[in-house]
Amino acid sequence: QVQLVESGGGLVQSGGSLRLSCAASGRTLRYAMGWFRQAPGKEREFVAGISWSGDSTYYANSVKGRVTISRDNAKNTVYLQMNSLKSEDTAVYYCAADPQGGSRYAKEYDYWGQGTQVTVSS
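Residues numbered from 1 in each chain as written. Predicted model: local features only at pLDDT ≥ 70, side-chain atom pairs only at ≥ 80, totals over all residues. Heavy atoms only, no water.

1. Side note on the state of the cysteines
Between two cysteines, a covalent bond joining their sulfur atoms is known as a disulfide. To keep it simple, the criterion reads: Any two cysteine sulfur atoms lying within 2.5 Å of each other are counted as a disulfide. Starting at the N terminus, helices and strands are each numbered in turn, a helix being any DSSP run of H or I of at least four residues and a strand any DSSP run of E of at least two. Only protein chains enter the accessibility calculation, which uses a 1.4 Å probe. A residue is then buried if its area is under 20% of the maximum for its type, exposed if over 50%, and partly exposed in between.
Taken as a whole and judged by the stated rule, the model has one disulfide. One disulfide in the model links C22 with C95; its S-S distance is 2.0 Å. Its torsion about the S-S bond being 55°, the disulfide of C22 and C95 is classed as right-handed. On the criterion of sequence distance, the pair formed by C22 in strand β3 (residues 18-26) and C95 in strand β9 (residues 91-98) is long-range, its members being 73 residues apart. C95 matches C22 in its accessibility class, with the two residues each being buried.

2. Re the sheet that holds strand β7 (residues 67-72)
Inclusion rule: Two strands pair under a simple rule: DSSP has to find at least two bridges between them. Think of each axis as a best-fit line through the C-alpha atoms, taken over the contacting stretch in the case of a helix, with angles from 0 to 180 degrees between the N-to-C directions.
Reading across the sheet, the four strands line up as β1-β3-β8-β7 and stay open at both edges, with antiparallel pairing between neighbours. For this open sheet the edge positions go to β1 (2-7) and β7, each flanked by a neighbour on one side alone. Between one strand axis and the next, the sheet turns by 15° as a mean value, whatever way the strands run. With six bridges connecting them, β7 and strand β8 (residues 77-82) associate as antiparallel partners. When the sheet's bridge partners are listed, S70 is paired in β8 with Y79.

3. Describing the nonpolar core
Rule in force here: Put simply, a nonpolar core is a bunch of buried Ala, Val, Leu, Ile, Met, Phe, Trp, Tyr and Cys residues held in one set by side-chain atoms that sit within 4.5 Å of each other.
L4, M33, W35, I69, L80, M82 and Y93 are the most contacted members of the largest nonpolar core, which totals 34 residues. Ranked by the residues each element gives to this core, the list is headed by β9, at five residues.

This is how it looks when you write it as structure tokens:
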């Protein structure tokens, strides 16, 4: 089992920045990690993903150029740096672990955190 705990969400003005963290514990093997988000009334959507080594990263088109995913395996932590935030970025953000190579599809991820709320005011 892998436990994931997100932190770093909050209220920020449009154009501002936030850094989300996801701390992993338990059976932390070589998992690829991803960040997803879900806004009220919408389906959960992919935001960013990173391989176990950190060599490979990929992003949703809606956040590309504004968001950076990274990881520190020594700390079992994955980060999501979000800049130039927009009101449409408002959502609950979830991190997830994939024992395979990583994916843009939520169904491929086995473990999920409880989420952290990000609210961007315009």
